[in-house]
Amino acid sequence: MTEPMVSFENVTKRYGTLTVLDNLNLTIGRGEKVAIIGPSGSGKTTVLRMLMTLETIDGGVIRVEGEPLTHMERGGKLVPADQAHIRKVRAKIGMVFQSFNLFPHMTALQNCIEAPMKVLGLSREKAEARAMDLLDMVGMANRRDYYPSQLSGGQQQRVAIARALAMRPKVMLFDEVTSALDPELVGEVLQVIRKLGAEHDLTMLMVTHQMGFAKEFADRVCFFHSGRICEEGEPQAFFTNPQNERSRQFLRAVLEAG
Amino acid sequence: MWDWGFALEILPTLAKAAIVTVQVTLLGFLIALSLGLALAAARIMQPWTAVPISLAVELIRSTPLLIQIFFLYFVGPSFGLTLDAMTAGILAIGLHYAAYCSEVYRAGFESVPRGQWEASVALNLGRWTTLRDIIIPQAIPPVVPALGNYLVALFKETPLLSAIAVMELMQSAKIIGSQTFRYNEPITLVGLFFLVMSLASAWAIRRVEAGINRRYRR
Ligand SMILES: Nc1ncnc2c1ncn2[C@@H]1O[C@H](COP(=O)(O)OP(=O)(O)O)[C@@H](O)[C@H]1O
Ligand SMILES: [Mg+2]
């Protein structure tokens, strides 16, 4: 059996007295595309943020290629990881945010070469060549010298995808990346993600409200409710014949909303 | 009442003193800008420094600059810190305005959305690289006007250094006055100098501001 790319093992997250994730167990295979759906506040974003090390973990372990994310093994025991370990594991993960979070004082190209140069130590030429390939892939090569404020939301999000890919992550996290976009711009971003999906190596975890896209794109759907996975399965089965009462309610509500 | 000949005669002496005033201003402001930034950055990078720094800032802001100047110059030696008047003066003014500037920078840092830090973590940028390349370039442009105001304020407070006999404009004018018993010309000329320089710096700051707006406010 091959080692999973990412595994959540009894992961718990609390904010004060509020338990946001309750003993979460989730295993994601190499190259697997997983869609995370569920009502607002069910903990979907928290799952991605913990994996990106933007949130601490209150219980359990997250492993990336078998290595604990926030702990490291020393003398056969798990101890809290140091910064070097976290950065090493984190290098395997990239994230695209709902609000793009491009660096506003940098052009599209500068956004894409900053981390490859500063973190990976690439030369400017190498970093630019890599960035231009990716900007080309997301259809933004001709906007390389534009600042984020000169780009539409869809264009910004495509640059943000290129920026994340420039670090060559093995796992890409997408948190409602089309939710802040005007409806007519959603398609161009989904198109880019489809293109990425064709790359079999890349493991993808995406929180989305685009049910049609999840159905067509994902290998597996996880339905979250109140910090637990209520139902998971192959998209075709999940969407046509959900087993759980909560999933049925949710899908009905989403369908009604259009 | 007004003697043009006398005014002309004291002009070279005042010009020399003006250079000292400008030196004090620039060096003091340099300290204020860099130390202020260092303090504001320390609070972010090392959260445990926040309490001692805000205490120090509060202490400096709640006591008069004149007392701080005296303290550094006259009390400093009993702590083994013996400085000449010029150095003590520049240091006191620099520290005083560093306290104010650090609060300005802090507001600047707080105006940068949290998402910028988070995107930097997601790209695996180090904390210092993030601060230098991502946060500071966004935090500073909006606070340039406020920093500029402190430059002018600092400039206008340099005459306080006459209290420890630094040969800046005010001290120079006082000496001319006490030696010649004529105060009209030296004091008026010094006032004019401050007026012209303040207006000029206010204008220059507006230019810088406009430039920054063109470059950064996208
Ligand atoms: N920083 C925070 N402090 C307190 N509560 C939070 C914080 N972030 C998220 N939460 C809470 O955690 C729950 C799950 O949030 P989230 O993962 O963002 O849900 P989703 O992405 O599914 O809408 C929500 O109830 C939310 O209010
Ligand atoms: Mg969310």
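Residues numbered from 1 in each chain as written. Chains lettered and ligands numbered in written order. Predicted model: local features only at pLDDT ≥ 70, side-chain atom pairs only at ≥ 80, totals over all residues. Heavy atoms only, no water.

## Some details on the overall build of chain A
- Within chain A one finds 9 helices and 12 strands.
- When burial is assessed residue by residue, chain A has 54% of its 258 residues classed as buried.
- A sequence separation of at least 24 residues applies to 63% of the contacts in chain A between residues at least 6 apart.
- Split by element, the accessible area of chain A, about 11,500 Å² in all, is 47% carbon and sulfur.
- Separation of charge centres in chain A, based on 31 positive and 30 negative side chains, amounts to 4 Å. (Helix = DSSP H or I, 4+ residues; strand = E, 2+ residues; numbered from the N terminus. Buried < 20%, exposed > 50% of the residue type's maximum accessible area, 1.4 Å probe, protein only. Contact = heavy atoms within 4.5 Å. Areas by Shrake-Rupley, 256 points an atom, 1.4 Å probe, with all protein chains shown as cover. Lys, Arg positive; Asp, Glu negative; His and termini not counted. Charge placed at Lys NZ, Arg CZ, Asp CG, Glu CD.)

## Some points on the interface of chain A and chain B
- Each partner contributes residues to the interface: chain A has 26 residues there, and chain B has 20 residues.
- The junction of chain A with chain B conceals about 2,000 Å² of combined surface from both sides, 60% of it contributed by carbon and sulfur atoms.
- Taken together, chain A and chain B are joined by 2 salt bridges.
- The partner of Asp 133 of chain B in a salt bridge is Lys 118 of chain A, with the nearest N and O atoms 2.5 Å apart.
- On inspection of chain A and its partner chain B, the count reaches 7 residue pairs in polar contact (both at pLDDT 80 or more).
- Where the side of chain A that touches chain B is concerned, the elements lending two or more residues are helix 2 (83-90), strand 8 (93-96), helix 3 (108-118) and helix 5 (153-165) of chain A.
- At 3 residues, the largest contribution of residues to the side of chain A that touches chain B is made by helix 3 of chain A.
- For the side of chain A that touches chain B, the class distribution of residues is 15 nonpolar, 5 polar and 6 charged. (Buried area = accessible area lost by both parts, 1.4 Å probe. Salt bridge = Lys/Arg side-chain N within 4 Å of Asp/Glu carboxyl O. Polar contact = N/O pair within 3.5 Å; in protein donor to acceptor, adjacent residues only side chain to side chain. Nonpolar A, V, L, I, M, F, W, Y, C, P; charged D, E, K, R; others polar.)

## Let's talk about helix 3 of chain A
- In terms of burial, helix 3 of chain A is a largely internal element, 8 of the 11 residues being buried.
- Within the sequence span of helix 3 of chain A, burial applies to Ala 108, Leu 109, Asn 111, Cys 112, Ile 113, Glu 114, Ala 115 and Pro 116 of chain A.
- On its buried face, helix 3 of chain A sits against helix 4 (124-137) and helix 5 of chain A together with helix 6 (127-139) of chain B.

## Examining a nonpolar patch on the surface
- A contiguous nonpolar surface patch, about 380 Å² in accessible area, is contributed by Leu 192, Leu 195, Val 196 and Leu 199 of chain B.
- For Leu 199 of chain B, a relative accessible area of 57% gives the class exposed. (Patch = residues over 30% accessible without salt bridge, like charges linked within 9 Å, V, L, I, M, F, W, Y side chains within 5 Å.)

## So, the environment of Leu 24 of chain A
Residue and element names in this part refer to chain A.
- With respect to the helices and strands, the residue Leu 24 is situated in strand 2 (residues 18-28).
- You can call Leu 24 buried: its relative accessible area is 3%.
- For the pair Leu 24 and Arg 87, spaced 63 residues apart in sequence, the C-alpha separation works out to 24 Å.
- For Leu 24, the residues in contact, after removing those within four places along its chain, are Phe 8, Glu 9, Asn 10, Val 11, Val 47, Phe 224 and Ile 229.

## Some thoughts on the packing of helix 1 (residues 4-45) of chain B against helix 7 (residues 144-157) of chain B
Residue and element names in this part refer to chain B.
- Orientation of helix 1 relative to helix 7, taken along the N-to-C sense of each, is 140°, at an axis distance of 9 Å. Taken together, helix 1 and helix 7 sit at an angle that is classed as oblique. The way helix 1 lies across helix 7 gives a crossing that is right-handed. Together, Thr 21, Thr 25, Gly 28, Phe 29 and Leu 33 of helix 1 and Leu 147, Tyr 150, Leu 151, Leu 154 and Phe 155 of helix 7 make up the contact between the two elements.
- Its residues placed into classes, the contact of helix 1 with helix 7 shows 7 nonpolar, 3 polar and no charged. (Axes fitted to C-alpha atoms, helices over the stretch in contact; angles between N-to-C directions. Parallel < 35°, antiparallel > 145°, perpendicular 65-115°, else oblique. Left-handed = near helix turned anticlockwise from the far one by under 90°.)

Coordinates in, geometry out; function isn't part of it.
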